[in-house]
Structures are given as C-alpha cells and as structure tokens.
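Tertiary structure, described
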Amino acid sequence: MPIEITEGEPDGLVGRIRKLSMPMEPLATGVEPHLPRLGEIRAVLFDIYGTLFISGSGDVGTHAATDSTAALAEAMHAVGLSSSDELAERGIELLHLTITESHEQRQAEGVERPEVDIREIWRRVFDRLADEGMLAPDAEVVRRKIEPLAVEYECRVNPVWPMPHLADVLDELQQWVALGDLMLGIVSNAQFITPLLFDALLRRSPEAFGFDPALCNWSYQLLEAKPSTQLYEPIAQTLRTHSIQPSQVLYVGNDRRNDIWPASQVGFRTALFAGDKRSLRMRDNDAALVGVKPDAIITELPQLLSLLRGA
C-alpha cells in the first residue's frame, strides 16, 4: 500500500528525507523469475539500493548519480549557506576530485575497493573552497551543516522510494525472526543516509523490522565497498557463532558483480533481484563473471517469501 507523507513532519534528517522523497514505480525488466527449492535457509541478507529501495540513479552516492551544480546550489540554500553558479560548479569539481584522491590513497594502502564517508568528503570540499577564497563561513557553522547538506544533495541527485510491497514483506520476515526461525541482515554500499531511509519512508528503524545490527555491514563504516568480500566474510563468521553455515544464508541483490559474485565467494546462496530496469546489473559482457549465476531470480519482493517457504 502507498506510504502516506503527511504535513507537520518532524525536523531533522529523517524529516528532510521524507519531505524530499516522492513516489516512484519500478521499471519492468522483462526477466522471468526463477524460484527453485534452495534447501534450508536460516538467514537472509539484503542489498539496499535497487533491491529494497528504488534508486533513481541505480545506486548510492556520487559513483552512480548524475551530479548537478543546481542540486548543490539548492542543497546549500536549503541549509542556509550562500551559493552561486560558480561556487556550486567548483564544489562539484572538488567533490569528484576529493573522492578520487581518497580512493587513490586507500588503494595505495592496499584496499582494492575503497569507499568514502561522504561527510568527510564534504568537509574537505568546503575546506578547499575556503582555501580558494570562494567561501569564508565560520568553520563551526559549516561543520554543523555537513550532514544536512549531504542529505539535501543526495535526495536531489539520487531520489529513492521503497520497492512495492517492501513493508509487507519485511513485516512477514520479522515474524519469522521473532519466532527464532530466521535472522536478517544487510550488506550494502551505503552512506550514513542509507539506514535513515527505513525511518523516513517506512516509519520504522531497521532494527524494528528484525534486522540484527551484528549482521549489517555498511560500506561507509568499513571504508570498503562491494564487490569486496570483506563486507561479507565477517557476517559469515558471525552467523557461524549462531550455528548457521554459509550454505544456509541467502543474499538478495540486484547486481551480478557487486552482489551475486562476492556473496557466492563466501558460500552464500544468492537471489538476483530483477525488479527494476534502472538498477538491474546483469553485466553480461564482463568476462570475470563467466559462470557466475544466481541460485534464484525474483522480480517482485513477495516472491522472496514464496522462495523461502519452498525451501
């Protein structure tokens, strides 16, 4: 059922995400579902963007979004910072440059798939704008505005909305969690805004839906991104402490390279979510993915329940 966005929403980051978000519908992919018997599944892990939430850009953050000087100017205005076309254009240039520099530094340290915390990136961008004489605000004022600015910008360049039936499916899975029949987790390329999407658009935290924080790895916290298996392996180890083997874990994601390949490398069963053309990443021309196939394919989230019941 549609999510009601009412007047008088709370202030803060969750309130701003709610106010800036508009309903979207997934785009048909033409892919047929494949729902085989998987055997016993005792834990389900999810990707976020393009799997649980529709992503206007197909993924999170500046890697996938179409950056816009207008979006930055609007974001700055929304948080009470003065802007201009010249400043916003330079801000976008510095955003890309600072991310690239951060990635190169981390790669030099031996991290194959580095991730950034976008809050630190924006801090550096504004420091550089100040050093260039384009911006001279009080440093403490800007520091307090970094998170609101990042939310304002991200919601403009990468709008998101829950996939159809998401709340109902999570409600059903939460009942299984309460009975001790299932554990739920998240492994996702993400930024600090990502966990807030649940409160903003579903009005409940991930924990309230039964997600175990010990089974949730967000790339911005680890400073490493998918398809690195470093996001998956610690969760496999944690699940073993609950006597859950990798073959009893199902990972659900929309990208054969970032989701299906690394999850299968640690022994998880996999389900490709092929429910939205914007974010479905088959990557058929990627030679590294020859022979990489999901165990199941779902095109609508309720099919996950059928898949699990048939296990």
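All of the points below concern the structure found in this document.

Moving on to the overall build of the chain. A tally of regular secondary structure across the chain gives 11 helices and eight strands. For 311 residues, the compact-globule estimate of 2.2 N^0.38 gives 19 Å, and the C-alpha radius of gyration of the chain, at 20 Å, lies within 12% of that figure. Within the span of the chain, comprising 311 residues, buried residues form 50% of the whole. For the chain, contacts bridging at least 24 residues in sequence account for 79% of all contacts bridging at least 6. When the accessible surface of the chain is summed, it comes to about 14,000 Å², and 47% of that surface belongs to carbon and sulfur atoms.

Below, the discussion takes up helix H11 (residues 302-309). Every buried residue of H11 is accounted for by Gln303, Leu304, Leu305, Leu307 and Leu308. Where H11 is buried, its residues meet strand S1 (43-46), helix H6 (166-178), strand S6 (249-253), strand S7 (269-273) and strand S8 (296-298).

An order of S5-S4-S1-S6-S7-S8 is seen for the six strands of this open sheet, with the pairing classed as parallel. The open sheet has two edge strands, strand S5 (211-218) and S8, and neither has a second partner. Sheet twist, expressed as the average angle between the axes of neighbouring strands with direction ignored, equals 20 degrees. Of the pairings in the sheet, the one linking S6 to S7 comprises four bridges and is parallel in character. Each residue of the ladder has a partner; that of Tyr251, found in S7, is Thr270.

With 74 residues, the main nonpolar core has Trp122, Phe126, Leu173, Phe198, Phe211 and Leu250 as its most contacted residues. Apart from the residues within four sequence positions on either side, Phe211 is in contact with Phe46, Leu52, Leu170, Leu184, Gly185, Ile186, Phe198, Pro206 and Cys216. Ranked by size, the runner-up nonpolar core spans 16 residues in total, among them Met183, Val187, Leu231 and Ala263.

Tallied over the full model, the rule gives two cavities of 30 Å³ or more. Of the pockets and cavities examined, the second largest cavity occupies roughly 60 Å³. If you trace the second largest cavity, you find it lined by Ser21, Tyr49, Glu154, Cys155, Asn158, Pro159, Val160, Ile193 and Leu197. For the lining of the second largest cavity, the secondary structure elements donating two or more residues are helix H5 (139-157) and helix H7 (193-202). Here the lining of the second largest cavity is composed, by residue class, of six nonpolar, two polar and one charged.

Now for the packing of helix H1 (residues 12-20) against H7. Their axes nearest at 9 Å, the elements H1 and H7 cross at an angle of 70 degrees. Considering the angle they form, H1 stands roughly perpendicular to H7. Relative to H7, H1 is oriented so that their crossing is right-handed. On H7, the residues that touch Leu13, Val14, Ile17 and Arg18 of H1 are Ile193, Leu196, Leu197, Asp199, Ala200 and Leu201. Here the contact of H1 with H7 is built from residues that sort into eight nonpolar, no polar and two charged.

Looking now at unusual backbone geometry. Cis peptide bonds are those with omega within 30 degrees of zero, and the linkage from Lys226 to Pro227 qualifies with 15 degrees. Tracing the chain through its elements places Pro227 in the loop between helix H8 (219-222) and helix H9 (233-240). Residue Arg203 is not a glycine yet carries a positive backbone phi of 65 degrees. Take Arg203: it is sitting in the loop between H7 and S5.

This paragraph deals with the packing of aromatic side chains. Taken as a whole, this structure holds seven aromatic pairs when the rule is applied. Note on Phe53 and Phe198: the rings are 5.3 Å apart at their centroids and 85 degrees apart in plane angle, and the pair reads as edge-to-face. Of the two residues, Phe53 sits in strand S2 (residues 53-55) while Phe198 sits in helix H7, which places them 145 residues apart along the sequence. The pair Phe53 / Phe198 is uniform in exposure class, with both members buried. With a centroid separation of 6.5 Å and an interplanar angle of 55 degrees, the aromatic rings of Phe198 and Phe209 are classed as tilted. Taken together, the residues Phe198 in helix H7 and Phe209 in the loop between H7 and S5 connect sequence positions 11 residues apart.

Reading the values: the criteria
- Residues numbered from 1 in each chain as written.
- Predicted model: local features only at pLDDT ≥ 70, side-chain atom pairs only at ≥ 80, totals over all residues.
- Heavy atoms only, no water.
- Helix = DSSP H or I, 4+ residues; strand = E, 2+ residues; numbered from the N terminus.
- Rg over C-alpha atoms; globule rule 2.2 N^0.38 Å.
- Buried < 20%, exposed > 50% of the residue type's maximum accessible area, 1.4 Å probe, protein only.
- Contact = heavy atoms within 4.5 Å.
- Areas by Shrake-Rupley, 256 points an atom, 1.4 Å probe, with all protein chains shown as cover.
- Pairing = 2+ DSSP bridges.
- Axes fitted to C-alpha atoms, helices over the stretch in contact; angles between N-to-C directions.
- Core = buried A, V, L, I, M, F, W, Y, C linked by side-chain atoms within 4.5 Å.
- 1 Å grid on protein atoms, 1.4 Å probe; cavity = no way out; pocket = protein on both sides within 12 Å on 5 of 7 lines; lining within 4 Å.
- Points joined across faces, edges and corners; volume = space filled by probe spheres on them.
- Nonpolar A, V, L, I, M, F, W, Y, C, P; charged D, E, K, R; others polar.
- Parallel < 35°, antiparallel > 145°, perpendicular 65-115°, else oblique.
- Left-handed = near helix turned anticlockwise from the far one by under 90°.
- Phe/Tyr/Trp six-rings, centres within 6.5 Å; stacked < 30°, edge-to-face > 60°.

Purely spatial values, then, with no claim about function.
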